[in-house]
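Descriptive structure summary
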Amino acid sequence: MGRKLLVIMILWANGMFSQEPAERQKIQEIQIEGLKRTKENFLRRLIKVKPNSVYDSLKVVTDVERLKRLPGIASASYDLEQEQEGYVLTYTVVENFTIIPGLRIATANNGDFAFRVSVFEFNLLGNNQLLGGFYERDVFDSYGFFWEHPFLFSDKVGVGFAYQDLTTQEPVFFDAGTKDYRFNSRSIEGKLLFSFDFHHEAELGLSLIKESYDFIGEDENILPDTPFFLEANKVAYQGVYRYVDLDIDYQYFDGITSEFTGQYIQFVNGSDQASIFLDDFLSLRNDLIYYKKIRSRGNWASRLRVAAAFGNEDSPFAPFTLDNQLNIRGVGNTVDRGTAAIVLNTEYRHTFYERNWFVLQGNAFVDAGSWRNPGGDFSELFDGSTARVYPGVGIRFIHKRIFNAVFRLDYGFGLTKNATNGIVFGIGQYF
């Protein structure tokens, strides 16, 4: 009897004391420090670790990465202290300045000076809403307005709206030659934004579009079998799926992102020839981006873009353009159009100087791609007939405390047939 009582007492004592570590593994309190403009209750909605939950280091690290992806947050870290009744978890954030003016300078397609000015707020009301607009002069005037609230309804569902009135001079490449058109597109868009979890995001959108192409020049200069004027009303249905697995440390990125965009453009009505040149089509595009941190100052980045259109492949008004700002640096402004494309951009970025908020970064890159011409076969993507290869070098001026404040200047050297060289200026990393 005495021995049984002793065993029971030992087991009871062991159970009692073994429960103490489990109790002390719980998160007693969560603190968030470093906030100035960002609302604390907004961040508490987003983080997955909650008070009175069992400490999970993986969830904590994931929360830190989630905070660093927000436009309003430049960097984040955490600290864990053990108290009498559990852990006190402290997230410390460094905020970005998020009211960002923008300026882009380029050469218009007619050789004139072109520019785009913009201002965007990426942390409106302290909960990372986006509000902004732009004005552009590219031969003609264009403007647009945008609003997004990615977390309006919950930490998983938000909305976005946009209005754009775009007018540019666009070269269109016919078999008989190239002619310029005044292109105008007025569109209003609404979309739902989904953040399913830490890695998976999606968008569903609907756009109403009024589009026109007006021939620039004298009537006698129009090419045979080419239109003077096209006008169409369209509806665009768009779906986006995004996979993100990134570790961000200011200007350094490590990981992978993949973004698939599918868009169906439906022709509703329009001018006489519009249904021939601007008919329904399906557009598919995927951007796969890989980043690798190299030692303490290097970053390797590569983007593979694959795109194709189906349904109106013979139209010279093709949806994919070859352009400095979009895919190959140094090639020029809207120098070609295609109904399918494969583009690979790869570059090595190296930090030469870093002090407090300022970073001076250099890069060496290779941009290469090929296109399927309107009416052409997919074999054109692989036979070398439309290939373009442009290596180059560039420089970056980076402000670490201002969201997306990367001022870049690149110079691309053409290696393939009929190649050009050119400077490309922009704000934000190229990809």
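Check the entry above for the structure.
Just so we're clear, the structure is a prediction, and the values are computed from it rather than from any experiment.

1. Some points on helix α3 (residues 57-69)
Here α3 contains 13 residues, and its C-alpha end-to-end distance of 19 Å stays within 8% of the 18 Å for a straight helix at 1.5 Å per residue. Turning to α3, its buried residues are Val 60, Thr 62, Asp 63, Val 64, Glu 65, Arg 66, Leu 67 and Lys 68. As for α3, its buried residues are in contact with α2 (40-46), β2 (73-83), β3 (86-95) and β11 (229-249). Between the side-chain oxygen at the start of α3 and the backbone nitrogen of Leu 58 there is a gap of 3.0 Å, and the oxygen is on Asp 56.

2. What to know about the pairing of strand β6 (residues 129-138)
With 7 of its 10 residues buried, β6 lies for the most part within the structure. One ladder, built from 8 bridges, connects strand β5 (residues 113-124) with β6; its direction is antiparallel. In the strand pairing of β6, Arg 116 is matched with Glu 136. Connecting β5 to the antiparallel partner β6 that follows it, the hairpin turn spans 4 residues, and Leu 125 within it adopts a positive phi of roughly 60°.

3. Side note on the environment of Glu 81
One can find Glu 81 in strand β2. Residue classification places Glu 81 among the partly exposed positions, given a relative accessible area of 42%. Residues Glu 81 and Leu 166, 85 residues apart in the sequence, show an inter-C-alpha distance of 55 Å. With residues up to four places along the chain from it excluded, the contact list for Glu 81 reads Gly 86, Tyr 87 and Val 88.

4. Observations regarding the pairing of β3
Consecutive side chains along a regular strand alternate between the two faces of the sheet. Burial analysis of β3 places 8 of its 10 residues in the buried class, the great majority of the element. Here 6 bridges tie strand β1 (residues 27-33) to β3, and the two strands are oriented parallel to one another. Residue pairing for β3: Glu 33 is matched across the bridge by Thr 92. Two elements, β2 and β3, share 10 bridges in a ladder whose sense is antiparallel. Along β3, the bridge assignment pairs Tyr 78 with Tyr 91. Where β2 folds back onto β3 in an antiparallel hairpin, the turn is made up of 2 residues.

5. Points about a nonpolar patch on the surface
On the surface, a cluster of nonpolar side chains totalling about 700 Å² of accessible area is made up of Ile 256, Leu 288, Tyr 290, Ile 294, Trp 300, Leu 304, Val 306, Leu 344 and Tyr 348. Put simply, the parts of the chain that give the nonpolar patch at least two residues each are β13 (281-294), β14 (298-310) and β17 (340-355). Note on placement: Ile 294 falls in strand β13.

6. Digging into the sheet that holds β2
Taking strand neighbours across the sheet as the criterion, the 3 strands line up as β1-β3-β2 in an open arrangement whose pairing is mixed. In this open sheet, the two strands that pair with only one neighbour each are β1 and β2. Averaged over all adjacent pairs, the angle separating strand axes in this sheet is 15°, with direction ignored. This element, α3, spans β2 and β3 of the sheet and lies at about 155° to β2.

7. Quick notes on the layout of surface pockets
One water molecule sets the probe size; rolling that probe over the atoms shows where empty space is left. Within this model, the largest pocket holds a volume of roughly 390 Å³. Taken together, 18 residues form the lining of the largest pocket, with Phe 173, Phe 174, Asp 175, Pro 316 and Pro 374 sitting closest to its centre. Among the elements of the structure, β8 (157-174), β9 (177-195), α4 (274-277) and β16 (336-338) are those that each provide at least two residues to the lining of the largest pocket. Its residues assigned to classes, the lining of the largest pocket comprises 8 nonpolar, 5 polar and 5 charged.

Scoring rules and cut-offs
Residues numbered from 1 in each chain as written. Predicted model: local features only at pLDDT ≥ 70, side-chain atom pairs only at ≥ 80, totals over all residues. Heavy atoms only, no water. Helix = DSSP H or I, 4+ residues; strand = E, 2+ residues; numbered from the N terminus. Expected span 1.5 Å × (residues − 1). Buried < 20%, exposed > 50% of the residue type's maximum accessible area, 1.4 Å probe, protein only. Contact = heavy atoms within 4.5 Å. Polar contact = N/O pair within 3.5 Å; in protein donor to acceptor, adjacent residues only side chain to side chain. Pairing = 2+ DSSP bridges. Patch = residues over 30% accessible without salt bridge, like charges linked within 9 Å, V, L, I, M, F, W, Y side chains within 5 Å. Areas by Shrake-Rupley, 256 points an atom, 1.4 Å probe, with all protein chains shown as cover. Salt bridge = Lys/Arg side-chain N within 4 Å of Asp/Glu carboxyl O. Axes fitted to C-alpha atoms, helices over the stretch in contact; angles between N-to-C directions. 1 Å grid on protein atoms, 1.4 Å probe; cavity = no way out; pocket = protein on both sides within 12 Å on 5 of 7 lines; lining within 4 Å. Points joined across faces, edges and corners; volume = space filled by probe spheres on them. Nonpolar A, V, L, I, M, F, W, Y, C, P; charged D, E, K, R; others polar.

Geometry only, nothing functional implied.
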